[in-house]
Amino acid sequence: RGAEPSLKTFLGSLVDVLLKAMIIIMAMDVIGIKATSFIALLGAMGLAIGMALQGTLQNFAGGVIILLMKPFKVDDYIECGSYKGYIKEIRIFHTIMRPFNGRTIIIPNSELATKSLINHTKEPQIRLDVVASVAYGTDLKKAKEVLWEVIRSEKEIVWEPKKPSIAVSNLGDSSVDITLWLWTKVEDYWTLWEHIREDIYIAFNNAGVEI
């Protein structure tokens, strides 16, 4: 009962398979078919079955590796190749992911266990990078002061252990790009992401800074 959700779903699906196998064996014994009579046949078929289920066994091993190494757990937001979303379940052979568009993505465990992935929610804090572009000729000191006012007004931004920072990051063809590096709690990331650019736009307009 005290196990984390990742382990619960995995063990639940594993026990389901094992119990079904036990029921079949018990039913055979009840109707008078001794399971021992099939041992020789199963031994001969073992190699063929193993080759046929090679991919399935790899997925099972991948699930075990995921639970032991814990590169991610249920409710983590990960990115693996073209897949990205929140982990909903880790089962025996596959993992269920839910992206923002409400779809369901089913990924073989072997793929998640052997390929590089990004876990966006592994740490308690995450950095949001925001680019604010201003016109050439803009007073950069004034623009930065406006941006610092916006930063100080955002309650989702954290200042410890890492403080936010601002710097000119690029001189484009038609704009001077100022990048804001903002640290926030994982659970506040999308809230900050949704409104920070709008707040910057409004602050620039109110201060007469040309975007």
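Look up a bit, the structure's there.
Because the structure is predicted, anything quoted here is derived from the model rather than measured. (Residues numbered from 1 in each chain as written. Predicted model: local features only at pLDDT ≥ 70, side-chain atom pairs only at ≥ 80, totals over all residues. Heavy atoms only, no water.)

Undergrad: What is the right way to read the overall build of the protein from this model?
TA: Summing up its helical and strand segments, the protein has six helices and eight strands in all. For the protein, the sequential pattern of α-helices and β-strands runs α-α-α-β-β-β-β-α-β-β-α-β-β-α. Split into buried and exposed, the 211 residues of the protein put 31% on the buried side. Of all intrachain contacts in the protein linking residues separated by at least 6 positions in sequence, the fraction that spans at least 24 positions is 61%. (Helix = DSSP H or I, 4+ residues; strand = E, 2+ residues; numbered from the N terminus. Buried < 20%, exposed > 50% of the residue type's maximum accessible area, 1.4 Å probe, protein only. Contact = heavy atoms within 4.5 Å.)

Undergrad: In this structure, what is going on with the environment of Ile 166? I would like to understand it.
TA: Along the chain, the position of Ile 166 falls in strand 7 (residues 165-171). Residues Ile 166 and Lys 144, 22 residues apart in the sequence, show an inter-C-alpha distance of 7.4 Å. Contacts of Ile 166, omitting those with residues within four sequence positions, involve Lys 144, Leu 147, Trp 148, Ile 151, Ile 178, Thr 179, Leu 180 and Trp 181.

Undergrad: In this structure, what is going on with the sheet that holds strand 4 (residues 105-108)? I would like to understand it.
TA: Pairing between the strands of a sheet is mediated by backbone hydrogen bonds and can be parallel or antiparallel. If you trace the five strands from one edge of the open sheet to the other, you get 4-3-2-1-5, paired in antiparallel fashion. Every interior strand has two partners, whereas the edge strands, strand 4 and strand 5 (118-119), have only one. Two strands pair when backbone bridges link them, and strand 1 (residues 77-80) and strand 5 are joined in this way by two bridges, in the antiparallel orientation. Of the residues in strand 5, the one forming a bridge with Glu 79 is Ile 118. (Pairing = 2+ DSSP bridges.)

Undergrad: So what exactly am I meant to see when it comes to a nonpolar patch on the surface here?
TA: On the surface, Val 15, Leu 19, Met 22 and Met 26 cluster together into a nonpolar patch covering about 380 Å² of accessible area. Residue placement: Val 15 occurs in helix 1 (residues 5-30). (Patch = residues over 30% accessible without salt bridge, like charges linked within 9 Å, V, L, I, M, F, W, Y side chains within 5 Å. Areas by Shrake-Rupley, 256 points an atom, 1.4 Å probe, with all protein chains shown as cover. Salt bridge = Lys/Arg side-chain N within 4 Å of Asp/Glu carboxyl O.)

Undergrad: Looking at this structure, how should I read the packing of helix 5 (residues 140-153) against helix 6 (residues 189-207)?
TA: In a packed pair of helices, the relevant descriptors are the angle between the two axes and the axis-to-axis distance. Between helix 5 and helix 6, the least distance of the axes is 10 Å, while the angle of their chain directions is 135°. With respect to each other, helix 5 and helix 6 are oriented oblique. Crossing geometry of helix 5 relative to helix 6 is assigned as right-handed. Together, Lys 142, Ala 143, Val 146, Leu 147 and Val 150 of helix 5 and Ile 196, Asp 199, Ile 200, Ala 203, Phe 204 and Ala 207 of helix 6 make up the contact between the two elements. (Axes fitted to C-alpha atoms, helices over the stretch in contact; angles between N-to-C directions. Parallel < 35°, antiparallel > 145°, perpendicular 65-115°, else oblique. Left-handed = near helix turned anticlockwise from the far one by under 90°.)

Undergrad: What is the right way to look at the nonpolar core in this model?
TA: Across soluble globular proteins, you tend to see nonpolar side chains buried next to one another. Counting residues in hydrophobic clusters, the biggest one holds 23 residues, and the most contacted among them are Leu 147, Leu 180, Leu 182, Ile 196, Ile 200 and Phe 204. Of all the secondary-structure elements, those providing two or more residues to this core are strand 6 (125-134), helix 5, strand 8 (176-185) and helix 6. In terms of residues, this core owes the most to one element, helix 6, which gives six residues. Residues in contact with Ile 200, not counting those within four places in the same chain, are Val 130, Ala 132, Leu 147, Val 150 and Leu 180. (Core = buried A, V, L, I, M, F, W, Y, C linked by side-chain atoms within 4.5 Å.)

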